[in-house]
Amino acid sequence: MTIIKIVVLNGSPNGDISVTMQYIAYIRKKFPEHTYEILNVAHEIRKIENDTGLWNKTMESIRSADMVLWAFPLYVMVVCSQYKRFIELIFERKTEEAFAGTYAASLSTSIHFFDQTAHAYIHAISDDLGMKYLGFYSADMKDLLSGEERTRLEKFTSLLVTAVQEKMPVQRENAPLVWPSLAYVPGKEQKPILAGTKKVVLLTDDDGSSLNLAAMTDRLKKNFSGSVEMINLHDVNIKGGCLGCCQCAYDNICVYTDGYVDFYKNRLVPADIIIMAGQVHDRYLSSAWKQFFDRSFFKGHTPGLKGKQVGFVITGPLHQIPGLKEALTAWADNGGCHAQFVTDEVMSSGELDALLDTLAARLVQAAGTGYIPPHTFYAVGGHKIFRDSIYGGMRFVFQADYRYYVEHGLFDFPQSDLKTRVFNAILIPLTRIPGFRKIVFADLKHHMIEPFKPVLRNA
Ligand SMILES: Cc1cc2nc3c(=O)[nH]c(=O)nc-3n(C[C@H](O)[C@H](O)[C@H](O)COP(=O)(O)O)c2cc1C
């Protein structure tokens, strides 16, 4: 039997005191014949970024691995901003070779709210690094408490180990990204759109590295006649990423005393239209954007920006990264917002002018009517996950959420619907009578459209 070296990249801001690391500890106990090195890259991100010696040592450990295990908690549908920063640094410092050719797998803990987008992200990153990605394990936070789930985890680990020992071939799934070639030069400005009383905020993470991003936001800013506040995330006093301490869960008060909460409450919440502009960095937006999303967790699982028109204005190959588009769309859907997208993946500046101008017009129009689309599976499913968790296992910690859910009637369990319960209690027993069942089931189509008749009659 070949002993393999597993390097675990811990993506929890909580470092060793992490739920995810309990799963790693379990794997170590069950597979003691292999060697393990755990690198707390999310918790230590500041040091790793600023201390070249530590950075080099980290890369050296990765070079020595037979398998890298990306082990992380889900943070707002992906990984936390600190882990994202670590991944950015790999590409910025051109140390992809430290990872290339090595086997990789990912393991997350979460409550399964968009775990698929997180693993799709890590899978694509592994592909971009030239790694041999073997698969992912998405555990519910509490799975380790169940014997059946522990057995499942052991089976997964043993499959990984065998694949590495037998040097199994792996197919790359994510094609390399092709960056849009347009060098955007805005044309003649159109007449500004009357935003009326609607407040527009243009939020960007422009760091001077993308001419297209600056030109796109500039065009948009000039598109509105009313007040447009342009905010650069780098100018907001944000001291760091979410720490995952969950102290905010009691009363929505974040432990940080920087400018984030004030910015969120006093500059974003009053807006009707929020344009979120950014550049694709690896397979997501920047870690600055990720930090923005993670820090909004001080609002727990409640829709802090509900009812906003959101325009995502992105430079880079968004449409080659379905997981990113999905995460942003689902973020808006779950937040009760209406999202529209424009990217610079077009053939000409004129085309981009027209798309940006139209976006401005459509955002104002939708804000005027107050249009928010009906929820899709993203938010319908998300609501049920949150509702059940906040009612049950998470209630003790997330007491602010619980109060919000009570106040807003969000504990809409089917068993609370008296009409349906009475209907089922009477009619289900009746269907055991063959004659009754025959009549009802023969005409189900008509029964299903019956309730709509009065609505259509009175429309
Ligand atoms: C800021 C923040 C964002 C989170 N976002 C998600 C999420 O999008 N989906 C999910 O299922 N769980 C989410 N969670 C829950 C964590 O993934 C979960 O609690 C995890 O087990 C924590 O692991 P750790 O102790 O190793 O950090 C989030 C938690 C925090 C603090």
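As a reminder, the structure under discussion sits directly above these lines.
Model, not experiment: these values are computed from the prediction.

**Student:** Please explain a nonpolar patch on the surface as it appears in this structure.
**Tutor:** Residues Phe 441, Leu 444, Met 448, Ile 449, Phe 452, Val 455 and Leu 456 make up a contiguous nonpolar surface patch of about 750 Å² in total accessible area. For the nonpolar patch, the elements supplying multiple residues, two or more each, are helix 17 (444-449) and helix 18 (452-458). Mapped onto the secondary structure, Val 455 falls in helix 18. A residue is classified by how much of its surface remains accessible, and Val 455, at 55% relative accessible area, is exposed.

**Student:** Explain unusual backbone geometry here, please?
**Tutor:** If a residue is not glycine, its phi is most likely negative; likewise, a peptide bond is most likely trans. Here the phi dihedral of His 112 falls at roughly 70°; this positive angle occurs in a residue that is not glycine. Turning to its location among the elements, His 112 is positioned in the loop between strand 4 (103-110) and helix 5 (115-128). Owing to a relative accessible area of 31%, His 112 belongs among the partly exposed residues under this scheme. Even without being a glycine, Asn 252 presents a positive backbone phi close to 60°. With respect to the element layout, Asn 252 can be found in the loop between helix 8 (248-251) and helix 9 (260-268).

**Student:** What is the right way to read the state of the cysteines from this model?
**Tutor:** Here, disulfide denotes a covalent bond that connects the sulfur atoms of two cysteines. Within the structure shown, the criterion is met by 0 disulfides. Of all cysteine sulfurs in the structure, the one in Cys 242 sits closest to Cys 80, which takes part in no disulfide; the separation is 8.5 Å. Residue classification places Cys 80 among the buried positions, given a relative accessible area of 0%. The thiol of Cys 246 is unpaired, and the distance to the nearest cysteine sulfur, on Cys 248, comes to 6.1 Å.

**Student:** Looking at this structure, how should I read the sheet that holds strand 3 (residues 67-73)?
**Tutor:** The strands that make up a sheet pair up through hydrogen bonds in the backbone, lying either parallel or antiparallel. The 5 strands lie next to each other as 2-1-3-4-5, forming an open sheet whose pairing is parallel. Among the strands making up the open sheet, the edge pair consists of strand 2 (35-39) and strand 5 (132-140). Strand-to-strand twist across the sheet, computed as the mean angle between neighbouring axes with direction ignored, equals 20°. As judged from the 5 bridges shared by strand 1 (residues 5-10) and strand 2, these two strands associate in the parallel manner. The partner of Val 8 across the bridge, within strand 2, is Ile 38.

**Student:** It is not clear to me how the nonpolar core should be interpreted in this structure. Could you clarify?
**Tutor:** If you look at soluble globular proteins, the nonpolar side chains tend to sit buried side by side. Ranked by internal contacts, the top residues of the largest apolar core, which has 84 residues, are Leu 9, Ile 62, Trp 70, Tyr 83, Phe 86, Phe 99 and Phe 292. It is helix 11 (residues 322-334) that contributes the most residues to this core, 6 residues altogether. Inspection of this core shows a minimum of three residues originating in each of domain 1 (5-165) and domain 2 (200-369). The next biggest cluster of nonpolar side chains, apart from the first, holds 25 residues, and it includes Leu 202, Leu 213, Ala 277 and Val 346.

**Student:** Please clarify how the pattern of salt bridges should be interpreted in this entry.
**Tutor:** A side chain with one charge may pair with a side chain of the opposite charge, provided their charged atoms come close. Per the counting criterion, the structure on display carries 23 salt bridges. The shortest N-O distance in the salt bridge between Arg 85 and Glu 92 comes to 3.0 Å. In this structure, Asp 258 and Arg 295 form a salt bridge, with 3.0 Å as the shortest nitrogen-oxygen distance. Of this pair, Asp 258 sits in the loop between helix 8 and helix 9 while Arg 295 sits in helix 10 (residues 287-295), placing them 37 residues apart in sequence. Judged by relative accessible area, which is 12%, Asp 258 ranks as buried. Classification of Arg 295 by relative accessible area gives buried; the value is 3%.

**Student:** Explanation requested: the site of the ligand in the structure shown.
**Tutor:** Near the ligand lie 20 residues; those nearest to it are Ser 12, Ser 18, Val 19, Thr 20 and Thr 109. At a separation of 2.8 Å, an oxygen atom of the ligand approaches a polar backbone atom of Met 77. Expressed as a share of its isolated accessible area of 650 Å², the protein-covered part of the ligand is 91%. Counted by class, the shell around the ligand contains 11 nonpolar, 8 polar and 1 charged residues. When we break the shell around the ligand down by domain, the ones giving at least three residues each are domain 1 (5-165) and domain 2 (200-369).

**Student:** Sorry, what's going on with the packing of aromatic side chains here?
**Tutor:** Counting across every chain of the model gives 28 aromatic pairs. Judged by centre distance (5.9 Å) and plane angle (65°), the ring pair of Tyr 260 and Phe 263 falls under edge-to-face. In this pair, Tyr 260 and Phe 263 are both assigned in helix 9, 3 residues apart and thus about one turn of the helix distant. Taken together, a centroid distance of 6.2 Å and an interplanar angle of 70° make the contact between Phe 263 and Phe 292 edge-to-face.

So, how was this worked out
- Residues numbered from 1 in each chain as written.
- Predicted model: local features only at pLDDT ≥ 70, side-chain atom pairs only at ≥ 80, totals over all residues.
- Heavy atoms only, no water.
- Patch = residues over 30% accessible without salt bridge, like charges linked within 9 Å, V, L, I, M, F, W, Y side chains within 5 Å.
- Areas by Shrake-Rupley, 256 points an atom, 1.4 Å probe, with all protein chains shown as cover.
- Salt bridge = Lys/Arg side-chain N within 4 Å of Asp/Glu carboxyl O.
- Helix = DSSP H or I, 4+ residues; strand = E, 2+ residues; numbered from the N terminus.
- Buried < 20%, exposed > 50% of the residue type's maximum accessible area, 1.4 Å probe, protein only.
- Disulfide = S-S within 2.5 Å.
- Pairing = 2+ DSSP bridges.
- Axes fitted to C-alpha atoms, helices over the stretch in contact; angles between N-to-C directions.
- Core = buried A, V, L, I, M, F, W, Y, C linked by side-chain atoms within 4.5 Å.
- Domains from an automatic or database assignment.
- Near = heavy atom within 4 Å.
- Polar contact = N/O pair within 3.5 Å; in protein donor to acceptor, adjacent residues only side chain to side chain.
- Nonpolar A, V, L, I, M, F, W, Y, C, P; charged D, E, K, R; others polar.
- Phe/Tyr/Trp six-rings, centres within 6.5 Å; stacked < 30°, edge-to-face > 60°.

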